[in-house]
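The primary structure of each chain is shown beneath.
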Amino acid sequence: MNSAEFYLGNAVVASSGESFAVREYLQNRQPVIGYDLDLIYVECRLCGKPVLWEKGKTSLLLHASGIDVSLLDSECMILSEGCPQCRPGASPFHLNVVRVTSITPQDVLLLSENKGRA
């Protein structure tokens with residue numbers, strides 16, 4: 001049976017087969033009405049494949065992490081530092097929430113200019 005652990009903020013979630021368990025204390029929180037957190041895309045940063053898990057795991061992990069979920073929307077995604085597909089048997093996998101934004105050609109030019117002398 002394959003098992004994996006995911007770390008995000010204060011949350012540690014252990015996933016094994018068809019089940020998962022949160023191994024950190026969860027505070028009772030009022031649900032935030034807004035974007036459905038389970039629609040946030042989760043991808044492995046190393047191999048680029050989507051990370052798939054049970055319904056409700058994303059929202060559980062985000063609520064347990066202490067992240068202000070009212071700031072999350074369709075422009076956010078979760079990147080995993082590895083996954084059970086590209087690193088079988090490796091655990092834990094650290095997760096990061098990122099915001100994906102579009103970049104214009106002008107932004108590329110601005111970012112490519114040398115700045116400072118450090």
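Just so it is clear, the structure is predicted and the values come from calculations on it, not from any experiment.

1. Quick word on the overall build of the chain
Logical step 1: Within the chain one finds two helices and six strands.
Logical step 2: Each helix and strand of the chain, ordered N terminal to C terminal, gives the series β-β-β-β-α-β-β-α.
Logical step 3: Within the span of the chain, comprising 118 residues, buried residues form 29% of the whole.
Logical step 4: Residue pairs in contact within the chain that sit at least 24 positions apart in sequence constitute 55% of those at least 6 positions apart.
Logical step 5: A total of about 8100 Å² of accessible surface is found on the chain, and carbon and sulfur atoms cover 53% of it.

2. A word on the state of the cysteines
In a disulfide, the sulfur atoms of two cysteines are held together by a covalent bond.
Logical step 1: A complete count under the given rule lists zero disulfides for this structure.
Logical step 2: C44 forms no disulfide, and the closest cysteine sulfur to it belongs to C86, at a distance of 3.6 Å.
Logical step 3: You can call C44 buried: its relative accessible area is 0%.

3. Considering the environment of P88
Logical step 1: Counting through the fold element by element, P88 comes out in the loop between β5 (76-80) and β6 (93-99).
Logical step 2: Sequence spacing of P88 and A4 is 84 residues, and the spatial spacing of their C-alpha atoms is 9.0 Å.

4. Remarks on the pattern of salt bridges
Logical step 1: As enumerated under the stated definition, the model contains three salt bridges in all.
Logical step 2: In this structure, E81 and R45 form a salt bridge, with 2.8 Å as the shortest nitrogen-oxygen distance. Placement of the pair is E81 in the loop between β5 and β6 and R45 in the loop between β4 (41-44) and α1 (57-65), with a sequence separation of 36 residues.
Logical step 3: Put simply, E75 and R99 hold a salt bridge, and the shortest N to O gap is 3.5 Å. Remark: R99 occurs in strand β6 and E75 occurs in the loop between α1 and β5; sequence separation between them is 24 residues.
Logical step 4: Linked through salt bridges whose partners overlap, the residues forming this network are D73, E75 and R99.

5. Section: α1
Logical step 1: Most of α1 is tucked away: seven of the nine residues are buried.
Logical step 2: Within the sequence span of α1, burial applies to K57, T58, S59, L61, L62, A64 and S65.
Logical step 3: Taken from the residues just after α1, G66 is the one with a positive phi, measuring 90°.

6. Considering the confidence of the model for the chain
Low-pLDDT stretches of the model should not have their predicted coordinates read in fine detail.
Logical step 1: Of all residues in the chain, 72% attain a pLDDT of 70 or more, and the chain-wide mean is 79.
Logical step 2: The least confident element of the chain is strand β3 (residues 19-22), whose mean pLDDT is 65; the most confident is β4, at 94.
Logical step 3: Scored below 50 in pLDDT, residues 28-32 shows four contacts in the model against residues more than four places distant or in partner chains.

7. What about the environment of D36?
Logical step 1: Its location among the elements puts D36 in the loop between β3 and β4.
Logical step 2: Placed 36 residues apart in sequence, D36 and L72 show a C-alpha to C-alpha distance of 9.2 Å.

Rules of the game
- Residues numbered from 1 in each chain as written.
- Predicted model: local features only at pLDDT ≥ 70, side-chain atom pairs only at ≥ 80, totals over all residues.
- Heavy atoms only, no water.
- Helix = DSSP H or I, 4+ residues; strand = E, 2+ residues; numbered from the N terminus.
- Buried < 20%, exposed > 50% of the residue type's maximum accessible area, 1.4 Å probe, protein only.
- Contact = heavy atoms within 4.5 Å.
- Areas by Shrake-Rupley, 256 points an atom, 1.4 Å probe, with all protein chains shown as cover.
- Disulfide = S-S within 2.5 Å.
- Salt bridge = Lys/Arg side-chain N within 4 Å of Asp/Glu carboxyl O.
- pLDDT = per-residue confidence, 0-100.

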